[in-house]
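Here are the chains, one letter per residue:
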Amino acid sequence: MDATCRHPLNRRYPVRRSYVEAFIKQLMHLLKDQDEVHDDIYGSLCNRMAEGSDSGTAYSYKHYILQPDACITLRESNSFVSEGTTGLCTWEAALALADYLVEHPDLVRGKNVVELGAGAGLLGILLKLPAMSMQAKQVLITDGSEPCVQLMRENIALNFTDSAAEQAPKAEQLRWDAISEFPWQDYAETDLLLAADVIYDDSQFDALLGAMDYFYTRRGRQLEMLLASTVRNVDTLHKFMTKLRICNYKVTPCANVSACASHFCRDHTAAVQVISIRRYS
């Protein structure tokens, strides 16, 4: 219990009450054949139940302990849709892409990275976390939603001390349909584009493709994009892939990280596709 529910990290930045309750119930189930379950376990469960549900709490925290000295803490919405956006929590595609980048650090080493639709900011924080030694050069995480940008900045502050602020990713609002108006002169030329769970709505395809065209027109063969998508609707995914081919993009599937090798606690039954996108003309 000291290593989980009463861990100092969880005391300071508590995870969802419903998650803690489910964890303790599962622990009790695993111990059901033992002669006696420690009173601390019963007491912890009763305390969580007395606190009530998460319904009155808009936000809670998640902790991703990647190595003994490498942990990412994120403040996230308890609702899938909040403040008019789905970006205030981390989705499976972002976790899958994070896994892929940890397994292939050479993809980001020394690169200037821009993420589109960054949501809560997991990927950008991962790439600049000193203990992970990913060695990305400059990281800019963006979203079209102002609440998402504010949340990203809060999460950056949670994971980087004042002395490490210069190493931290930058978070800015970026609308895909106004991408040319962004002050790109303040940032290094982009080497790698990242995006996760951004193609679930086909009404946004043209804006996304327009943003991609802006980057590829500036960088051409020097630019690669990694896109991760949860396969919810095969027709929607196929429609986007068709548009990529029409726009002369070359798509290469990337192998997902297996459950046994995963660095993140995530739902490996969810179908997630990671692809590399390049354009040579």
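For clarity, every value in this text was computed on a predicted model and none was experimentally measured.

What counts and how
Residues numbered from 1 in each chain as written. Predicted model: local features only at pLDDT ≥ 70, side-chain atom pairs only at ≥ 80, totals over all residues. Heavy atoms only, no water. Helix = DSSP H or I, 4+ residues; strand = E, 2+ residues; numbered from the N terminus. Expected span 1.5 Å × (residues − 1). Buried < 20%, exposed > 50% of the residue type's maximum accessible area, 1.4 Å probe, protein only. Contact = heavy atoms within 4.5 Å. Polar contact = N/O pair within 3.5 Å; in protein donor to acceptor, adjacent residues only side chain to side chain. Pairing = 2+ DSSP bridges. Axes fitted to C-alpha atoms, helices over the stretch in contact; angles between N-to-C directions.

**Q** An account of helix H4 (residues 92–103) is requested, with residue identities and associated values reported.
**A** Helix length check: H4 (twelve residues) gives 17 Å between terminal C-alpha atoms against 16 Å at 1.5 Å per residue, within 8%. Most of H4 is tucked away: ten of the twelve residues are buried. Within the sequence span of H4, burial applies to Ala93, Ala94, Leu95, Ala96, Leu97, Ala98, Asp99, Tyr100, Leu101 and Val102. Where H4 is buried, its residues meet strand S1 (59–67), helix H5 (122–128), strand S6 (192–196), strand S7 (224–230), strand S8 (249–254) and strand S9 (272–279).

**Q** Explain the environment of Ser203 to me, using residue names and the numbers behind them.
**A** Mapped onto the fold, Ser203 is located in the loop between S6 and helix H7 (205–219). Residue Ser203 is classed as exposed on the basis of its relative accessible area of 52%. In terms of polar contacts, Ser203 uses its side chain to reach the side chain of Asp201, at 2.7 Å.

**Q** An account of the sheet that holds S6 is requested, with residue identities and associated values reported.
**A** Ordered by their spatial adjacency, seven strands build an open sheet running S5-S4-S3-S6-S7-S9-S8, and the pairing between neighbours is mixed. The outermost strands of the open sheet, each flanked by one partner alone, are strand S5 (170–173) and S8. Across the sheet, the mean angle from the axis of one strand to that of its neighbour is 20°, orientation sign disregarded. Both strand S3 (residues 112–116) and S6 contribute to a ladder of four bridges, which runs parallel. Bridge pairing in S6 links Val113 to Leu192. Sheet strands touched by H4: S6, S7, S8 and S9. Its angle to S7, the strand with the most contacts, is close to 135°.

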